[in-house]
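# What the coordinates show
Each chain, letter by letter, is given below.
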Amino acid sequence: MIHLFSSASDNGSHLQVLIPVMLICTALVLHLIYYWRPRICPYIATGIISLSFISALILLVKVIHSPNGYLEYFAGHSWSGQRYLASGQPIGIVVRTDLFGALIAALVTGLGTLASIYSKHYIPHTIKTSNIGYYYCLLVLMIAGMAGICLTGDCFNFYVFLEVASISSYGLVAMPQTKQSLEAAFKYMVVGALGSILLVFGIVLLFSATGTLNMAYAAQQVHKIVTAPPGNPLHNFRHLVFASLGMFIIGLSVKSAFFPAHAWLADAHPAAPSSISALLSGLMVKSTGVFLFIRFLFTVFGLHKHEYGMLLAPLLMIIAVITILGGSVFAIAQNDIKRMLAYSTVAQMGYILMGVSLISPAGLEGAILHIFNHALMKSLLFMSAGALIYKTGIRDIREMSRIGYRMPVTMVCFTVAAMSMIGIPPLNGFMSKWALAKAALDANLPMLVVVLLISSLLNAVYYFRVVGTAFFGRAQQHEEIPHADIIRNNHGHSLLQNSYGYYSLADKDRPNENEQELPWGMLMPLIILAAAILFFGVKVGILREIIRPAVQVLWR
Amino acid sequence: MIARFDYIAAVILFSIGLYALVVKPNLIKKLIGLNIIETSVYLFLIASGDVRLGIYTNQWAASNVIDNPQRAVQGLEPMINPIPSALVLTAIVVSVCVTAIALSVVVKLYQHYGTLDAREIASLKG
C-alpha cells in the first residue's frame, strides 16, 4: 500500500491530499452525527473546516519555501515504482499545488471556517430543523470541492472536484425551499450543468490533442503543437487545441458569470441562505470560475507565450468592460439588498477579468489580489446583510432607515466593507483597484482606468445609498410587511414569507430589541472579516510577497 | 468526413439537446434536453478513444507500455484507449447526481406553483 500511495518523500506534502480527503470523509458522516447528537454537529463541522484551514496555512508555508514554487504529490505509479513514462508523461494522478493554488486554498478554508461559525446561529432560523444535518454535510462538501480544485494538477481531477462543489451548492441554494430559492436553484443548476459539460468537452478536446490529462504535461504538448511549423504532423492538432481553448473560455465564463452569462448569479446568490451567499459570491465564482480561468489560460494554454493570446486579449477586455459597467448599473436599480450585492459581484468579476485580459504579470498580480480582497469584502457584506435579515427581517433597502442605531456593530462592519468596495484608501479594496489601474497604465490603456473610476463612482452610489439610509435615513413608520403564508420551524419559531417571498422570523419570535444586537457567534465572523479588510489594506505587502512569486510560477 | 460519423452524431445530438433546453417551456423537457447534451459529450468522449483514430491511440499505446519500454519502441497493434471510457463512467455518475437533484427541485416547484411551465414560474426579475 505504501508503495502505491506514498510519494511525499521528495517533493510533496501529504497535506495536499489530506485537506480534501478529511473534509469529504467528515461530510459523509456529518448528517448521521446530526441524527445521533444534533447539538455537536455544528461544532464538528466548524472543527474540521478550521483544521483544514490550519493545514492549508501549513501547506502555504511549505509551498513558499519549496524551491520550484510548487509541490507535486504522485497518487499512483507503476508496479516498479516508476512515476514517469519515457516520454516524460506522469503515470498516475499528480496533485500539484503551486503558490496561487495554495493561497486560494487557504482563503477558501479560512472563509469556510467563518461561514460555518456564522451558520450555527443563523441557519436554524432559515431552514427546517430536519435539514440542518444535510446543510452542514453539503457545506463541508462544498468547501472540500473548492479546496480540491485549488490543490489539484490534473484536468479530470479538477472536474470531479468542481462537480462536488457545484452539486453541493445547488443543494444549498435550494435548501430554504421557498419559491424563490427553488426557482433560483433550478436556473443555477441548468446553467451550471451546461457550463460543466462544456468544460468536459474542453477536457476531451485537450485530451485528444495532447494525449494526457496532466496539466503541466499538457502545457508542454500544447506548446509543441502550437509552435509546430506547417507540415509537421503535430500542426494538424492545433485546431483541437483552439477548439478546446474556446470550450474552456465559454464554460468558465458561464461558471464565473461574465457578461452574457451573468443572469443566474443574480438569482442564485440572493436566494441562498446568507452564509451560503457569502461563500458563493466570495469563493464559488472564484475557485470554480476565475481561478480555473487563470489556471487554464496561463498554465495550460500559455496565453502569454503564443500569438492567440494577442487575439483573445481585446475580446476578453471588451467582455470585462461590459461586465463591470453592466453589473454596476444593474446593482443601482435593485431594492433588495442581497440582490444588489449579487450584481456588485458581477461587476467585481469584471475587474478580475480585466486584470487577466491585460496579459501582463502586473495585471495578473492585480487580478489575484482582487480575487483575495473581493472574497473578504463580499463575504462580510453578505454576512452582515444576513445579520440584518436575521434580526429585523428587512431586505428592502428603502425600509432600512436608521437601522444603524439598532445594530451598530453590524452596520459598522457593513460600512467598512462597503467603503473598501468603493475604494477608500486604507482598505484592501483600494489596494487591488490601485494595482489594476497601475497595470492598465503600464499596458498603455488609460481607457480602462476611466472604466475603473466610473465603476467606483457607481459603487459609491449604491453602497452609500445603503449606508446613508441606515445611519441618516428619516425615521419612518415601520409598516407591517404583507406575508403570504406562515410555516413553523421545529424550534417553534414562526417563519413569515414576506412579499418578496423570503422567510424571516415573525415579530413575536424575533430576538428582543433590548438585548445584545446579535449572538456572539454571528458577530465574531463579522468583526474578524472587518479586521482582515483593514489589515490587508494596511499590510498589503504581505500579500504581494506571496502573489508576486505566484505570478512568476504561472508565467513560466 | 463519413469516417467521423460518430463526431457528427455528437454534434447533432448536442444541437437537439440545446434546442430542448432553450426552447421547451416544460421543466422536465428542459432537463431531458440537458441530459441529451451530456450524452452527446459522452459520445464524443468515447469516440475520441476509438481504435480507428490511429494516431492518438498508437501514441498512447506506444507510450503506455510501462514495464517494458522496449515494446513501446517496436510499435504495437492499435488498442482502444481506456482513459476516455473511465472518464465517461465518472461523468455519467455526475450527470445522474445533477439530474436527481434537479428533478427533486422540480417536484418542490410543482408543489409551490402547481405547474411545470417555465413561463409561469418566473417570479425573479431584474
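Residues numbered from 1 in each chain as written. Chains lettered and ligands numbered in written order. Predicted model: local features only at pLDDT ≥ 70, side-chain atom pairs only at ≥ 80, totals over all residues.

Turning next to the packing of helix H9 (residues 238-255) of chain A against helix H11 (residues 274-300) of chain A. Residue and element names in this part refer to chain A. One way to put it is that H9 packs onto H11 with a least axis distance of 7 Å and a crossing angle of 155°. By the criterion of interaxial angle, the relationship of H9 to H11 is roughly antiparallel. H11 is crossed by H9, and the crossing has left-handed handedness. Facing H9, whose interface residues are Phe 248, Leu 252 and Lys 255, H11 presents Thr 288, Gly 289, Leu 292, Phe 293 and Phe 296. Of the residues in the contact of H9 with H11, the class split is five nonpolar, two polar and one charged. (Axes fitted to C-alpha atoms, helices over the stretch in contact; angles between N-to-C directions. Helix = DSSP H or I, 4+ residues; strand = E, 2+ residues; numbered from the N terminus. Parallel < 35°, antiparallel > 145°, perpendicular 65-115°, else oblique. Left-handed = near helix turned anticlockwise from the far one by under 90°. Contact = placed C-beta atoms within 7 Å. Nonpolar A, V, L, I, M, F, W, Y, C, P; charged D, E, K, R; others polar.)

Turning our eyes to something else, we now look at the pairing of strand S2 (residues 93-98) of chain A. All names here are of chain A. Along S2, five of the six residues are buried, which leaves the element largely enclosed by surrounding structure. Where strand S1 (residues 70-75) and S2 come together, six bridges link them in antiparallel fashion. Bridging across to S2, Leu 71 finds its partner in Thr 97. (Buried ≥ 20, exposed ≤ 12 C-beta atoms within 10 Å, placed from the backbone. Pairing = 2+ DSSP bridges.)

Before going further, it helps to spend a moment on the confidence of the model for chain B. Residue and element names in this part refer to chain B. Mean pLDDT over chain B works out to 77, with 71% of the residues at or above the 70 mark. Segment residues 54-73 is flagged for pLDDT under 50; beyond a separation of four residues in sequence, or across chains, it makes 34 contacts in the model. Predicted as a complex, the structure gets a pTM of 0.88 and an ipTM equal to 0.84. (pLDDT = per-residue confidence, 0-100.)

Moving on to unusual backbone geometry. All names here are of chain A. Positive phi, close to 45°, is recorded for Ile 359, a residue that is not glycine. Here Ile 359 shows up in the loop between helix H13 (337-357) and helix H14 (361-392). Since 19 C-beta atoms lie within 10 Å of it, Ile 359 is described here as partly exposed. Unlike most non-glycine residues, Asn 444 shows phi in positive territory, near 65°. Structurally, the position occupied by Asn 444 is in the loop between helix H17 (428-442) and helix H18 (446-472). Exposure remark for Asn 444: the 6 C-beta atoms within 10 Å place this residue in the exposed category.

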